[in-house]
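Summary of the model geometry
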Amino acid sequence: MDAVSIEQFTVGEGRLVCEIRLAPSAPRVTSPDLIMRLEGPFPHLAHHACVNEEGATFGAVMDHTSLPHLLEHLVIDLQVREAQRDDDAFAGTTDWIDQEAGTARIQVSFTDDLAALRAFRDAVRFLNDAIVIP
Ligand SMILES: [Zn+2]
């Protein structure tokens, strides 16, 4: 069973909204273990600009933040790579719809809608490969 599944995409003006659902047994927050498995394919993750309560970069919170927040940054990372631009060029927000149910809404800006959709699908695949659930 996959830890994360995509429920719905909505393409808006310059931004993509994605609703995801976590499996009942999937973790709701990240862990140092999980980040360790993702640092290989995503070496720049810690340096992303990020609005959080502990620092100016995603590195300040990435090993103890919500799983959907991590997914947001994986999506941005893949978009940055494809567009070969600064991560500042792509902004995102993440909100739980229902944390207990494991549903969340992730919004990211994009310059190319198809690239953004691809980034989402690839990011979910990376995350599902990195999460071990019973
Ligand atoms: Zn962030």
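Whatever comes next refers back to the structure up there.
Presented here is an overview of the structure given in this document.

**Quick look at the overall build of the protein chain**
- Regarding its fold elements, the protein chain presents 3 helices and 4 strands.
- Start at the N end of the protein chain and walk to the C end: the helices and strands fall as β-β-α-α-β-β-α.
- In terms of C-alpha radius of gyration, the protein chain reaches 13 Å, essentially the compact-globule figure of 14 Å for 134 residues.
- For the protein chain, the share of sequence-separated contacts (at least 6 apart) that also reach a separation of at least 24 residues comes to 62%.

**Describing the pairing of strand E4 (residues 103-109)**
- Side-chain alternation along E4 places Ala-104, Ile-106 and Val-108 on a buried face and Thr-103, Arg-105, Gln-107 and Ser-109 on a face that remains uncovered.
- Across 7 bridges, the pairing between strand E2 (residues 15-22) and E4 is antiparallel. The residue bridging Glu-19 from the neighbouring strand is Arg-105, located in E4.
- By the bridge criterion, 6 bridges tie strand E3 (residues 92-98) to E4 in an arrangement that is antiparallel.

**Concerning the sheet that holds E2**
- Taking strand neighbours across the sheet as the criterion, the 4 strands line up as E1-E2-E4-E3 in an open arrangement whose pairing is antiparallel. Across the chains shown, the open sheet's two edge strands, defined by having one partner strand only, are strand E1 (4-11) and E3. The sheet shows a mean angle of 20° between the axes of neighbouring strands, taken without regard to direction.
- Contacting E1, E2 and E4, helix H3 (residues 113-130) crosses the sheet at an angle of about 170° to E1.

**A short note on the packing of helix H2 (residues 67-83) against H3**
- Following both chains from N to C, one finds H2 and H3 inclined at 130°, their axes separated by 8 Å at the closest point. In terms of axis orientation, H2 runs oblique to H3. When the axes of H2 and H3 are compared, the crossing they make is right-handed. Judged by residue contacts, Leu-71, Leu-74, Val-75, Leu-78, Gln-79, Glu-82 and Ala-83 of H2 engage Ala-115, Ala-116, Ala-119, Phe-120, Asp-122, Ala-123, Val-124, Phe-126 and Leu-127 from H3.
- A class-by-class count of the residues in the contact of H2 with H3 yields 13 nonpolar, 1 polar and 2 charged.

**Some points on the environment of Gly-12**
- Along the chain, the position of Gly-12 falls in the loop between E1 and E2.
- The spacing of Gly-12 and Ser-109 is 97 residues in sequence and 9.2 Å in space, taken between C-alpha atoms.

**Considerations on the environment of Thr-93**
- Tracing the chain through its elements places Thr-93 in strand E3.
- With 14 C-beta atoms counted inside 10 Å, the residue Thr-93 sits in the partly exposed group.
- As a C-alpha pair, Thr-93 and Cys-50 span 43 residues in sequence and 9.5 Å in three-dimensional space.

Here is what the cut-offs are and how they apply
- Sequence order as written defines the numbering, with residues in each chain counted from 1.
- A pLDDT threshold of at least 70 governs which residues receive local features in this predicted model, and a stricter bar of 80 or more applies before side-chain atom pairs are shown or counted, although totals over entire chains, interfaces and linings include all residues.
- Helical segments are the DSSP runs of H or I of at least four residues, strand segments are the runs of E of at least two, and each set is numbered from the N terminus.
- As defined in this context, the radius of gyration uses C-alpha atoms, and a globule is described by 2.2 Å times the residue total to the power 0.38.
- Here contacts are defined at the residue level, using C-beta atoms placed from the backbone and a cut-off of 7 Å between them.
- Every C-beta atom is placed from the backbone, and the number of other C-beta atoms within 10 Å of a residue's own sets its class: buried at 20 or more, exposed at 12 or fewer, partly exposed in between.
- The pairing criterion for strands is at least two bridges between them, as found by DSSP.
- Angles here are taken between N-to-C directions and fall from 0 to 180 degrees, while the axes themselves are lines fitted to C-alpha atoms, restricted in helices to the stretch in contact.
- Any angle that falls under 35 degrees is termed roughly parallel, while one over 145 is termed roughly antiparallel, one within 65 to 115 roughly perpendicular, and all others oblique.
- The sense of a crossing depends on the near helix, which, turned anticlockwise from the far helix by less than a right angle, makes the crossing left-handed and, turned clockwise, makes it right-handed.
- Throughout this entry, Asp, Glu, Lys and Arg are counted as charged residues, while Ala, Val, Leu, Ile, Met, Phe, Trp, Tyr, Cys and Pro are counted as nonpolar. The remaining residues, Gly among them, count as polar.

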